[in-house]
Amino acid sequence: MVPSAMANQERQGGLLEAEKVKTKPPPLYKVLLLNDDYTPMDFVVVVLQTVFAMSRERATRVMLQVHREGMGVCGTYTREVAAAKVDQVIGLARKYQHPLQCTMEEI
């Protein structure tokens, strides 16, 4: 602002304050692993350990959930990270010629 505009602002009784903007946290997405009848359970455990940094015990629990319930949650991430994780899982599955599917959905 030029000095005359600032003086004019002060004469009108206004104060110059920074406007506070509230930002919302980004939406989160669940990464889901889907069951199929062909991908070996051991491969699923390795994928969960590799892509999602799970311990062997936790990866085994998630793998069994996928096997029994048809799908399992691998983690919750921002959209970009979730999409990257989905791509990693699908890439590994294709590399080793397994039909394993992975998807994401907004919470």
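If you're wondering where the values come from, they're calculated on a predicted model, not measured in any experiment.

Cut-offs applied
- Residues numbered from 1 in each chain as written.
- Predicted model: local features only at pLDDT ≥ 70, side-chain atom pairs only at ≥ 80, totals over all residues.
- Heavy atoms only, no water.
- Pairing = 2+ DSSP bridges.
- Helix = DSSP H or I, 4+ residues; strand = E, 2+ residues; numbered from the N terminus.
- Axes fitted to C-alpha atoms, helices over the stretch in contact; angles between N-to-C directions.
- Salt bridge = Lys/Arg side-chain N within 4 Å of Asp/Glu carboxyl O.
- Buried < 20%, exposed > 50% of the residue type's maximum accessible area, 1.4 Å probe, protein only.

### Description of the sheet that holds strand S1 (residues 28–34)
- Taken in spatial order, the 3 strands make up an open sheet running S2-S1-S3, and their pairing is antiparallel. In this open sheet, the two edge strands, each paired with only one partner strand, are strand S2 (71–78) and strand S3 (101–106). The sheet shows a mean angle of 25 degrees between the axes of neighbouring strands, direction not considered.
- Pairing of S1 with S3, which is carried by 6 bridges, proceeds in the antiparallel orientation. The residue of S3 that forms the bridge with Lys-30 is Glu-105.

### A few points about the pattern of salt bridges
- Inspection of every chain in the model, using the stated rule, returns 2 salt bridges.
- Here Lys-30 ties to Glu-105 by a salt bridge, and the two come within 3.3 Å at their closest N and O atoms. Pair noted here: Lys-30 is in strand S1 and Glu-105 is in strand S3, with a separation of 75 residues, a long-range link.
- Overall, Lys-30 belongs to the partly exposed group, its relative accessible area being 26%.
- Taking relative accessible area as the criterion, Glu-105 reaches 38% and is therefore assigned partly exposed.
- Of the charged contacts, one joins Glu-80 and Arg-79 as a salt bridge, the two residues approaching to 3.4 Å between their closest N and O atoms.
- With relative accessibility at 52%, the residue Glu-80 sits in the exposed group.
- Residue classification places Arg-79 among the partly exposed residues on the basis of a relative accessible area of 48%.

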